[in-house]
Amino acid sequence: MRALIIGGDHIEPTRRALQAQGFQDIVHWSGRKTGDLTRPMPARVGHMVIMLGYINHNLARRMRQIARAQNIRLDFVGRKGLH
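What counts as what
Residues numbered from 1 in each chain as written. Predicted model: local features only at pLDDT ≥ 70, side-chain atom pairs only at ≥ 80, totals over all residues. Heavy atoms only, no water. Pairing = 2+ DSSP bridges. Helix = DSSP H or I, 4+ residues; strand = E, 2+ residues; numbered from the N terminus. Axes fitted to C-alpha atoms, helices over the stretch in contact; angles between N-to-C directions. Buried < 20%, exposed > 50% of the residue type's maximum accessible area, 1.4 Å probe, protein only. Arc of directions from axis to C-beta. Contact = heavy atoms within 4.5 Å. Salt bridge = Lys/Arg side-chain N within 4 Å of Asp/Glu carboxyl O.

Caption draft 1: Just the sheet that holds strand E3 (residues 45-51), in detail. Sheet architecture is open: 4 strands sit in the order E2-E1-E3-E4, paired in parallel fashion. Each having just a single partner strand, strand E2 (25-29) and strand E4 (73-77) make up the two edges of the open sheet. Pairwise comparison of adjacent strand axes, ignoring direction, gives a mean angle of 20° for this sheet. Relative to E3, strand E1 (residues 2-6) runs parallel, the two sharing 5 bridges.

Take a look at the structure:
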């Protein structure tokens, strides 16, 4: 199963936490590029982590809508990451 991390510069603690939960394929989007707002969603994403404070409101809103529509588990985390 694949996980998607959106935002953040130092994502290693979040990456390790997701690997401990059984996610082998972890994709990271910086969330800083203007093209991220229109970027196509990767296939087979089972979990999405949005790092607050690193992305704009429009991207967070779009990803939340996609997660709801595709029944993807979604976590919002602060600057310390997912533990």
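Caption draft 2: Molecular detail of helix H1 (residues 12-20). Within the sequence span of H1, burial applies to Thr 14, Ala 17 and Leu 18. Buried positions in H1, seen along its axis, are confined to an arc of 100° and lie on one side of it. Along its buried surface, H1 packs onto E1, E2 and E3. Within two residues after H1, Gly 22 carries a phi angle of roughly 105°, on the positive side.

Caption draft 3: Quick peek at the pattern of salt bridges. Across all of its chains, the model carries 5 salt bridges by this definition. Of the charged contacts, one joins Arg 2 and Asp 25 as a salt bridge, the two residues approaching to 2.7 Å between their closest N and O atoms. Of this pair, Arg 2 sits in strand E1 while Asp 25 sits in strand E2, placing them 23 residues apart in sequence. Classification of Arg 2 as buried rests on a relative accessible area of 15%.

Caption draft 4: Structural view of the environment of Thr 14. Mapped onto the elements, Thr 14 comes out in helix H1. Distance in space between the C-alpha atoms of Thr 14 and Thr 38 is 24 Å, their sequence separation being 24 residues.

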